[in-house]
Amino acid sequence: MPGLSGDDTLLLLRSATELAFNSILITDTDHNILYANPAFCNMSGYDLDELLGQNPRILQGPLTEPVVIDRLRQNLKSRGQFSGSTFNYRKSGRPYLVEWTISPINDQAGKPRFFISIQKDITQLHAAQSTGNLFAKAIDAAHDGIFITNAEGVIEFANQGFEIMTGYTPTEVVGRSPSVLKSGKHDKTFYKGLWRHLNEGLPFRAMVINRAKGGQEIHCQQTITPVKNPDGKITHFISIIKDLTDRVFEELKLREQASHDSLTGLLNRRAGEIELDVALIEAQENDSGFSVLMIDIDNFKAVNDTYGHPRGDEIIKVVAEILMDETRKTDKCVRWGGEEFIVVLPFCDLAKASEIAENIRAAMSAFSFDDVGQVTLSIGATESTASDTTSAILERVDKLLYDSKRDGKNRVTT
């Protein structure tokens, strides 16, 4: 039987490559793409014209493991061959787990002239076993709901915790927008603030009221974090939602409220953090606001150093008594730490909060201690906004307290 001619051989080889189920990529020794078969184009989402002349690193992204890429370079340099797997990214930005081999095509002198790579998308086969990558971490955090969207906000992944919390299976939400969870409890200002953070590449954290598949509201502590590629472009958003609803939330609240500062009888810092979260939830549910005071005893270190810690403790206890006397029954007074205090004022605007703060300042200023004499307070006061988070409120009121200190102490700054 006569052999094939050179042209027939080339035709058959090209046809086999074009029809191959596995993806095939050919580069020169500088790793410029010279050829990609239809299977590769289908897997990556790129047209052939978009790939030619490019370096395969255009397929890399946040989940691409650097150790695998380093091993690839070392193996090609030392052995001329490589096999391994990691995450690559389609043109759309969606990740996929690829397994591939690279082999050299040598010239007559035995030196590499081209590299041929045979690749296969193994995402579905290995998703549950891909330890060390983002999906495995999400599955491991089963107690929290975790979902991942692309840059356009389309859900690409949701874990079992998400299903337990919301009632939606991953199949029901993949390909949809997170707006499926909207409760209608947040206005445009809230979402404007959310997207301002995310578009600037900053994480967003807030107490959010979502709605489950069955219609019930879910009070969540939600954190949304942008994921960037090596060029700094946002490709995905990771959302982690912690359910603080109903029994779990109430038990946590009651347990933390039982924790009081042993010296003053005020709530301790952990309980105060819970009260801030509660106030934020109530404000969002009722479309109202609340205020926060941050209070610091002026020159307290000098008092401790001069008159001793027992006298310092006496002053702290007097401050605590004044806070309880000058605030409302619904307000929460917290010993935040050392000589610093927080007062959470639910359903209270800034004007009323300023009045309460001034009463506290004046009461302390009028008090005289044996030996020490007058001890004053510096106070910062702020009111919540619709798009606020607890961390943003604390940062803002801390700056206002600093301004009071800087401007001469014994004053209230709003």
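Residues numbered from 1 in each chain as written. Predicted model: local features only at pLDDT ≥ 70, side-chain atom pairs only at ≥ 80, totals over all residues. Heavy atoms only, no water.

The chain has the name Sensor domain-containing diguanylate cyclase in an unreviewed UniProt entry, where Marinobacter halophilus is given as its organism. UniProt lists a comment for the chain under the heading Cofactor (unreviewed entry), and it reads "Mg(2+)". (UniProt positions renumbered as here; feature names shortened; annotations may be inferred.)

## Concerning the sheet that holds strand β5 (residues 112-121)
Strand order across the open sheet formed by five strands is β2-β1-β5-β4-β3, with antiparallel pairing between neighbours. The outermost strands of the open sheet, each flanked by one partner alone, are β2 (33-36) and β3 (82-89). On average, each strand axis in the sheet is inclined to that of its neighbour by 25°, with strand direction left out of account. Alignment of strand β1 (residues 23-28) against β5, held across six bridges, turns out to be antiparallel. Looking across to β5, one finds that I24 is bridged to I118. This element, helix α4 (residues 66-78), spans β3, β4 (95-106) and β5 of the sheet and lies at about 145° to β3. (Pairing = 2+ DSSP bridges. Helix = DSSP H or I, 4+ residues; strand = E, 2+ residues; numbered from the N terminus. Axes fitted to C-alpha atoms, helices over the stretch in contact; angles between N-to-C directions. Contact = heavy atoms within 4.5 Å.)

## A closer look at the nonpolar core
Core analysis: the biggest nonpolar cluster contains 29 residues, and L293, I295, I297, I315, L323, I360 and M364 have the highest contact counts within it. Residue assignment for this core shows that the elements contributing at least two residues are β11 (290-297), α12 (300-307), α13 (309-326), β13 (340-346), α14 (350-365) and β16 (377-383). For this core, the leading source of residues is α13, giving seven residues. Within the second largest apolar cluster, 19 residues are counted, among which are A279, L280, M294 and W336. (Core = buried A, V, L, I, M, F, W, Y, C linked by side-chain atoms within 4.5 Å. Buried < 20%, exposed > 50% of the residue type's maximum accessible area, 1.4 Å probe, protein only.)

## Notes on the domain arrangement of the chain
When cut into domains, the chain gives domain 1 (6-123), domain 2 (142-248) and domain 3 (260-412). For domain 1 and domain 2, the distance between their C-alpha centres works out to 35 Å. Taken residue by residue, the interface counts six residues in domain 1 and eight residues in domain 2. A combined buried area of about 480 Å² lies between domain 1 and domain 2, and 62% of that area is made up of carbon and sulfur atoms. It is P62, G93 and R94 that lose the most area in domain 1 upon contact with domain 2, and together they represent 66% of the buried surface on that side. (Domains from an automatic or database assignment. Buried area = accessible area lost by both parts, 1.4 Å probe.)

## So, the packing of aromatic side chains
Tallied over the full model, the rule gives six aromatic pairs. Ring centres of F190 and F204 lie 5.8 Å apart, and the angle between their planes is 80°; on these two criteria the pair is classed as edge-to-face. Of this pair, F190 sits in helix α9 (residues 188-199) while F204 sits in strand β8 (residues 204-211), and the two are 14 residues apart along the sequence. Exposure remark for F204: the relative accessible area of 2% places this residue in the buried category. When the ring of W195 is compared with that of F237, the centres are 5.8 Å apart and the planes differ by 85°; the resulting orientation is edge-to-face. (Phe/Tyr/Trp six-rings, centres within 6.5 Å; stacked < 30°, edge-to-face > 60°.)

## Comments concerning the environment of R71
Here R71 is to be found in helix α4. Relative accessible area serves as the criterion here: at 35%, R71 is assigned to the partly exposed category. Between the C-alpha atoms of R71 and F300, which are 229 residues apart in sequence, the distance is 58 Å. Excluding its chain neighbours within four sequence positions, the residues that come into contact with R71 are F82, S83 and G84.

## Let's talk about the pairing of β8
Counting buried residues along β8, six of its eight residues qualify, which places the element largely inside the surrounding structure. Sheet topology note: the β8/strand β9 (residues 217-228) ladder contains eight bridges and is antiparallel. Across the sheet, residue R211 finds its bridge partner in β9, namely E217.

## Here's the deal with the pattern of salt bridges
Inspection of the entire model under this criterion finds 21 salt bridges. Residues D261 and R335 are paired through a salt bridge, measuring 3.4 Å at the closest nitrogen-oxygen approach. Linking D261 in the loop between α10 (246-257) and α11 (269-285) with R335 in strand β12 (residues 332-337), this pair joins segments that are 74 residues apart in sequence. Judged by its relative accessible area of 16%, D261 is buried. Each member of the salt-bridge network shares a partner with another, and the members are K399, D403, R406 and D407. (Salt bridge = Lys/Arg side-chain N within 4 Å of Asp/Glu carboxyl O.)

## Description of the pairing of strand β7 (residues 155-158)
Relative to β7, strand β6 (residues 145-150) is paired through three bridges, and the arrangement is antiparallel. Residue pairing across strands places I148 opposite F157, the latter belonging to β7. Taking the residues between adjacent antiparallel strands as the criterion, β6 and β7 are bridged by four residues, where G153 takes a positive phi near 85°.

## Some details on the sheet that holds strand β10 (residues 234-243)
The sheet built from five strands is open, its strands ordered β7-β6-β10-β9-β8 with antiparallel pairing. The strands lining the two open edges of the sheet, one partner per strand, are β7 and β8. The average angle at which neighbouring strand axes cross in this sheet is 30°, direction not considered. In the sheet, β6 pairs with β10 via six bridges, with the strands oriented antiparallel. Across the sheet, residue I148 finds its bridge partner in β10, namely I238.

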